[in-house]
Amino acid sequence: MEQKFYKKLEDNKPTGNLEIRSNIQNCHPGKNLDDMDVLAELGYCIYYHTPEPSNLNLAKKYVSSDTEIESGVWKNSWSLEDVELDSEEQRAENLRIGFAQLRSNRNYYLQITDHYGLSDGAEMTDEMREYRQSLRDLPSNTTDPWNVTWPTDPSDPDGTKY
């Protein structure tokens, strides 16, 4: 979730730690921090910060970059970059974590469709049976737990329900 902070400007780029408005206001009483010219004179910019997304894949890391979205207003964004795993132990640990995460996700998707199998629940269609079987076939039908082709839930074909 993106949050509004402030950062110092050096060479017209945000730098240093995130600052909250009250800290800047305490250091510069009476200054209108809503005025972009005043903010720039004080050497600050508005900075919309998004925390680093979670990532369990040891072969990837998130890298932050700053973008000026309008004069004096910046935001960060995250992109994944490859990391070289140096040892067989690191590669094995990455696979262990990946397959554990895959199984956890698979079990969740099975759990949210369990009601189709109950005698007093919604009737299970052939499409739902095939979907659930495809889930149960994971992870045995994939070699890369970080690059899985997930089956499409017939009760949520556009993927917005869960």
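Please refer to the structure higher up on the page.
The rules behind each value
- Residues numbered from 1 in each chain as written.
- Predicted model: local features only at pLDDT ≥ 70, side-chain atom pairs only at ≥ 80, totals over all residues.
- Heavy atoms only, no water.
- Helix = DSSP H or I, 4+ residues; strand = E, 2+ residues; numbered from the N terminus.
- Rg over C-alpha atoms; globule rule 2.2 N^0.38 Å.
- Buried < 20%, exposed > 50% of the residue type's maximum accessible area, 1.4 Å probe, protein only.
- Contact = heavy atoms within 4.5 Å.
- Areas by Shrake-Rupley, 256 points an atom, 1.4 Å probe, with all protein chains shown as cover.
- Lys, Arg positive; Asp, Glu negative; His and termini not counted.
- Charge placed at Lys NZ, Arg CZ, Asp CG, Glu CD.
- Pairing = 2+ DSSP bridges.
- Axes fitted to C-alpha atoms, helices over the stretch in contact; angles between N-to-C directions.
- Arc of directions from axis to C-beta.

**Points about the overall build of the chain**
Looking only at helices and strands, the chain features four helices and five strands. From first element to last, N terminus to C terminus, the chain shows the α and β order β-β-α-α-β-β-β-α-α. Rg of the C-alpha trace for the chain: 24 Å, well past the compact-globule value of 15 Å for 162 residues, more than 25% over. With the C-alpha coordinates of the chain rotated into their principal frame, the extents come out at 70 × 45 × 25 Å. Put simply, the chain has 162 residues, and 27% of those count as buried. Look at the contacts in the chain between residues 6 or more apart in sequence, and 53% of them connect residues 24 or more apart. Working note: accessible area of the chain is about 10900 Å², and carbon and sulfur atoms make up 45% of it. Mean positive and mean negative side-chain charge positions of the chain (17 and 30 charges, respectively) differ by 3 Å.

**With respect to the pairing of strand E4 (residues 60-70)**
Relative to strand E5 (residues 73-82), E4 runs antiparallel, the two sharing ten bridges. Directly across from Glu68, in E5, lies its bridge partner Trp74. Between E4 and E5, which pair antiparallel and follow one another directly, the connecting turn spans two residues, one of which, Gly72, has a positive phi of 80°.

**Observations concerning the sheet that holds strand E3 (residues 44-49)**
Within the open sheet, the five strands sit side by side as E2-E1-E3-E5-E4. Their pairing is mixed. Every interior strand has two partners, whereas the edge strands, strand E2 (13-19) and E4, have only one. Strand-to-strand, the axes of this sheet are offset by a mean angle of 40°, without reference to chain direction. The sheet contact formed by strand E1 (residues 3-10) and E3 spans six bridges and is antiparallel. Its bridge partner being in E3, Lys8 is matched across the sheet by Tyr44.

**Description of helix H4 (residues 126-136)**
Those residues of H4 that fall on the buried side of the exposure criterion are Met128, Tyr131, Arg132 and Leu135. Each buried residue of H4 sits inside an arc of 95° when the element is viewed along its axis, so together they form one side. Seen from the open side of H4, the exposed residues pointing more than 90 degrees away from its buried face are Asp126 and Glu130. Lining the buried residues of H4 we find helix H3 (88-111).

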